[in-house]
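# Examining the three-dimensional arrangement
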Amino acid sequence: ASLKYITRYPRGYKEGEKYPVLIFLHGAGSRGNNLEMLKSNGFFTMSENIENFPFITIAPQCSAKTWFDVFERLKRVVSHVCNEAYTDKKRVYVMGSSLGGYGTWQLSISMAEVIAAAVPICGGGVAAMVGDMINVPVWAFHGELDKCVMLEEAKIMVNALNECGGNAKLTALEGVGHSAWDYVYGNAAVYEWLLSHEN
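Residues numbered from 1 in each chain as written. Predicted model: local features only at pLDDT ≥ 70, side-chain atom pairs only at ≥ 80, totals over all residues. Heavy atoms only, no water.

## As for the environment of Trp-181
Structurally, Trp-181 is set in the loop between β7 (168-173) and α6 (188-195). Judged by relative accessible area, Trp-181 falls into the partly exposed class, the value being 23%. Each C-alpha atom, one on Trp-181 and one on Cys-122, is 7.8 Å from the other, the two residues being 59 residues apart in sequence. Trp-181 has contacts with Met-46, Ser-97, Ser-98, Ile-121 and Cys-122, leaving out every residue within four places of it along the chain. (Helix = DSSP H or I, 4+ residues; strand = E, 2+ residues; numbered from the N terminus. Buried < 20%, exposed > 50% of the residue type's maximum accessible area, 1.4 Å probe, protein only. Contact = heavy atoms within 4.5 Å.)

Below is the structure:
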């Protein structure tokens, strides 16, 4: 009834301690039922190089065409993880790119009570629903030259959230197409920003 997912523990992990948790939602290229394929996602290799990466990473695998097709199952995974003994419930975050960027927006809307901050990358969403996530800080990233998901989609979401009284910012990457994630996954400042927010 759930989804397969990868759990990656930080270096020096100690059972019985509480850790910040990062929910990572992959893009279309990692869909399927093969976790080995998901392990090769650039997020893992890039974030692995960050010194003192403190998160327990939970990376579900989308077994359907979109995250929306398995959204109730995704929410069950997140609810389960929030109740794990290792989870610091004040520090549960979500990051995703492209297909996962859409999932990041929607998960932040649907489970705003548990998400402390979100980083949607080259994604969009339903702007009319962002009022449900005004307490979730957002740092969105998007390539200015993206032809797969237009930059305007991110602008609409960020502007709508700010107009509702939320806290959102957008970094538009000059000269970058759809692969905005290449500038985010290995960026230590992004993870420091996430950790600066708590529920």
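Once you've had a look at it, read on.
## Observations regarding the nonpolar core
Counting residues in each nonpolar core, the largest one holds 38 residues, and the members touching the most others are Ile-23 and Met-133. Broken down by secondary-structure element, the contributors of at least two residues to this core are β2 (19-25), β3 (56-60), α3 (71-82), β4 (87-97), α4 (99-110), β6 (138-143) and α5 (151-163). If sequence neighbours within four positions are ignored, Ile-23 has contacts with Ile-58, Pro-60, Val-78, Val-81, Val-92, Tyr-93, Val-94, Met-95 and Leu-107. (Core = buried A, V, L, I, M, F, W, Y, C linked by side-chain atoms within 4.5 Å.)

## Remarks on α3
The α-helix advances 3.6 residues per turn, and as a result positions three or four apart in sequence lie on the same side. Helix length check: α3 (12 residues) gives 16 Å between terminal C-alpha atoms against 16 Å at 1.5 Å per residue, within 8%. By the burial criterion, the buried members of α3 are Phe-71, Leu-74, Val-77, Val-78, Val-81 and Cys-82. All buried residues of α3 lie within an arc of 135° about the axis, which places them on one face of the element. On its buried side, α3 packs onto β1 (5-8), β2, β3, β4 and α4. (Expected span 1.5 Å × (residues − 1). Arc of directions from axis to C-beta.)

## Thoughts on the pairing of strand β5 (residues 117-121)
Most of β5 is tucked away, with 5 of its 5 residues classed as buried. Residues Ala-117, Val-119 and Ile-121 point to one face of β5 and Ala-118 and Pro-120 to the other, with burial holding for every one of them. Inspection of the sheet shows β4 paired to β5 by 5 bridges, in the parallel sense. By the bridge assignment for β5, Ser-97 is matched with Ile-121. In this fold, the crossover linking β4 to β5 by way of α4 has right-handed handedness. Where β5 meets β6, 2 bridges bridge the pair, whose relative direction is parallel. Along β6, the bridge assignment pairs Ile-121 with Phe-141. (Pairing = 2+ DSSP bridges. Right-handed = clockwise from strand over helix to strand, strands pointing away.)

## Overview of the packing of aromatic side chains
All chains considered together, the criterion is met by 15 aromatic pairs. Ring centres of Tyr-13 and Tyr-19 lie 5.1 Å apart, and the angle between their planes is 35°; this geometry places the pair in the tilted category. Note on Tyr-13: relative accessible area 28%, which makes it partly exposed. Arranged with centres 5.3 Å apart and planes meeting at 75°, the rings of Phe-43 and Phe-44 form a pair that is edge-to-face. Every member of this aromatic cluster is reached through a ring pair, and the members are Tyr-9, Tyr-13, Tyr-19 and Tyr-86. When the ring centre of Trp-139 is taken as reference, the NZ or CZ atom of Lys-169 above it lies at 3.9 Å. (Phe/Tyr/Trp six-rings, centres within 6.5 Å; stacked < 30°, edge-to-face > 60°. Lys NZ or Arg CZ within 6 Å of the ring centre and 35° of its normal.)

## Some thoughts on the state of the cysteines
As used in these notes, a disulfide is a covalent bond between sulfur atoms, one from each of two cysteines. Under the criterion given, the structure shown has 0 disulfides. Here Cys-82 stays free of any disulfide, with the sulfur of Cys-62 as its closest cysteine sulfur at 19 Å. Sulfur of Cys-122: no disulfide; nearest cysteine sulfur belongs to Cys-148 and is 8.4 Å away. (Disulfide = S-S within 2.5 Å.)

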